[in-house]
Amino acid sequence: MHEGCEDYGVITAVLFDFSQTLFRSESTGPWLDAGLARMGLELSAAERAALVERLVENGAMPGGPEPRRLSEGLKRLWDRRDLDAASHRAAYEGLTHASGIPDPALARVLYDRHMEPEAWLPYPDAEATLQKLHGLGVPVAVVSNIGWDMRPVFVQFGLAELIQVFVLSYEHGVQKPDPALFQVALDALGRTGPETLMVGDNPHADGGATALGCAFHHVAPVPVGKRPDALAAVLGMLG
């Protein structure tokens, strides 16, 4: 899988995952607080803490931890959540409803919140790494399993112009690790697998690029403050 890229070849293009690779979403507590404030709802400290725990357990926040368990109905939605926008919303709103929220309307408000640029932060070395790749003339694509358009997040942080192409699963009806999604990116960049590096936090999904001959560099899905330079390491892997 070339997970550590020890045997990578001459790299002339880079593919990046989005969530937990270039950016990380806010944590579940602040996400819930934003939704409650928007609806004018108040919970006691104990009620809030219990609801946060249920939301985490159910994997209700997009970009957050995955569900620890799923009902059969929600599992069907979960398995296809990144194939189209309606399934993505239905899956995550369903998981939020299953968490015992105080008002049914909160599920939609919370889902909408996670798509706002303010709900995301770039990793400390994301901008510098993308800037250096851009300066070197190395084309970059973002390849993401996702059910919504996160380009505005890149615009908000001034990074959109550093990305040549965004390849989003819901826009193509195919999701990682299917090599077809990575092939879309390679074709758009005019590159082949053996000259391309895929960078991501999920060895299974992101590692699917290795089927096309891409090298794979794994980064840990940890908070932004705990991963200062994992992306910068990419620069040392170029041919």
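Placed above this text is the structure.
Overview of the structure.

Rules used in this analysis
Residues numbered from 1 in each chain as written. Predicted model: local features only at pLDDT ≥ 70, side-chain atom pairs only at ≥ 80, totals over all residues. Heavy atoms only, no water. Helix = DSSP H or I, 4+ residues; strand = E, 2+ residues; numbered from the N terminus. Rg over C-alpha atoms; globule rule 2.2 N^0.38 Å. Buried < 20%, exposed > 50% of the residue type's maximum accessible area, 1.4 Å probe, protein only. Contact = heavy atoms within 4.5 Å. Areas by Shrake-Rupley, 256 points an atom, 1.4 Å probe, with all protein chains shown as cover. Lys, Arg positive; Asp, Glu negative; His and termini not counted. Charge placed at Lys NZ, Arg CZ, Asp CG, Glu CD. 1 Å grid on protein atoms, 1.4 Å probe; cavity = no way out; pocket = protein on both sides within 12 Å on 5 of 7 lines; lining within 4 Å. Points joined across faces, edges and corners; volume = space filled by probe spheres on them. Nonpolar A, V, L, I, M, F, W, Y, C, P; charged D, E, K, R; others polar. Arc of directions from axis to C-beta. Polar contact = N/O pair within 3.5 Å; in protein donor to acceptor, adjacent residues only side chain to side chain. Pairing = 2+ DSSP bridges. Axes fitted to C-alpha atoms, helices over the stretch in contact; angles between N-to-C directions. Parallel < 35°, antiparallel > 145°, perpendicular 65-115°, else oblique. Left-handed = near helix turned anticlockwise from the far one by under 90°.

### A look at the overall build of the chain
Alright, step 1. For the chain, the count of helices and strands is nine helices and seven strands.
Alright, step 2. At 18 Å, the chain has a C-alpha radius of gyration in line with the 18 Å of a compact globule built from 239 residues.
Alright, step 3. For the C-alpha atoms alone, the extent of the chain along its principal axes is close to 55 × 35 × 25 Å.
Alright, step 4. Residues counted as buried form 49% of the 239 residues belonging to the chain.
Alright, step 5. Residue pairs at least 24 apart in sequence account for 69% of intrachain contacts in the chain once pairs closer than 6 positions are excluded.
Alright, step 6. Carbon together with sulfur atoms contributes 54% to the accessible area of the chain, which is approximately 10,100 Å² in total.
Alright, step 7. Here the chain contributes 19 positively and 31 negatively charged side chains, and the mean placements of these two sets differ by 4 Å.

### Remarks on the layout of surface pockets
Alright, step 1. In this structure, the largest pocket encloses a volume near 660 Å³.
Alright, step 2. Forming the boundary of the largest pocket are 31 residues, of which Glu66, Arg81, Asp82, Asn145 and Asn202 lie nearest the centre.
Alright, step 3. At the level of elements, helix 3 (72–79) and helix 4 (85–97) are the ones that each hand at least two residues to the lining of the largest pocket.
Alright, step 4. Looking at side-chain class alone, the lining of the largest pocket contains 11 nonpolar, 12 polar and eight charged residues.
Alright, step 5. When its volume is computed, the second largest pocket comes out at roughly 190 Å³.
Alright, step 6. For the second largest pocket, the lining is made up of 15 residues, of which Arg24, Ser25, Glu26, Ser27 and Pro223 are closest to its centre.
Alright, step 7. When residues of the lining of the second largest pocket are traced back to their parent elements, those giving at least two are strand 2 (23–25) and strand 3 (120–122).
Alright, step 8. Of the residues contributing to the lining of the second largest pocket, the split by class is seven nonpolar, six polar and two charged.

### Notes on helix 9 (residues 179–189)
Alright, step 1. Turning to helix 9, its buried residues are Leu181, Phe182, Ala185, Leu186 and Leu189. Around the axis of helix 9, the buried residues are gathered within 140° of arc, so they sit on the same side.
Alright, step 2. At its buried positions, helix 9 is contacted by strand 1 (13–16), strand 4 (140–144), strand 5 (165–168), helix 8 (169–172) and strand 6 (196–200).
Alright, step 3. Where helix 9 begins, one side-chain oxygen reaches toward the backbone nitrogen of alanine 180, 2.9 Å away; that side chain belongs to aspartate 178.
Alright, step 4. Immediately downstream of helix 9, the backbone of glycine 190 shows phi near 70°, a positive value.

### Quick notes on the pairing of strand 4
Alright, step 1. Most of strand 4 is tucked away: five of the five residues are buried.
Alright, step 2. When strand 1 meets strand 4, the two strands line up parallel, connected through three bridges. For phenylalanine 16, the partnering residue across the bridge sits in strand 4 and is valine 142.
Alright, step 3. Across four bridges, strand 4 lies against strand 5 in parallel orientation. Note that in strand 5 the partner of valine 142 across the bridge is phenylalanine 166.

### Here's the deal with the packing of helix 1 (residues 28–39) against helix 5 (residues 106–114)
Alright, step 1. Running from amino to carboxyl end, helix 1 crosses helix 5 at an angle of 125°, the nearest separation of the two axes being 9 Å. Accordingly, the angle class assigned to the pair helix 1 and helix 5 is oblique. The chirality of how helix 1 crosses helix 5 is right-handed. Packed against helix 1, whose contacting residues are Trp31, Leu32, Ala34, Gly35, Leu36, Arg38 and Met39, the element helix 5 presents Leu106, Val109, Leu110, Arg113 and His114 at the interface.
Alright, step 2. Grouping the constituent residues of the contact of helix 1 with helix 5 by class yields eight nonpolar, two polar and two charged.

### Things to note about the packing of helix 3 against helix 4
Alright, step 1. Packing of helix 3 against helix 4 brings their axes to within 8 Å, and their N-to-C directions diverge by 145°. Judged by the sense of rotation from one axis to the other, the crossing of helix 3 with helix 4 is left-handed. Listed contacts from helix 4 to Leu74, Leu77 and Trp78 of helix 3 are Ala90, Ala91, Tyr92, Gly94 and Leu95.
Alright, step 2. Tallied by class, residues from the contact of helix 3 with helix 4 come to seven nonpolar, one polar and no charged.

Read these as spatial facts, not as claims about activity.
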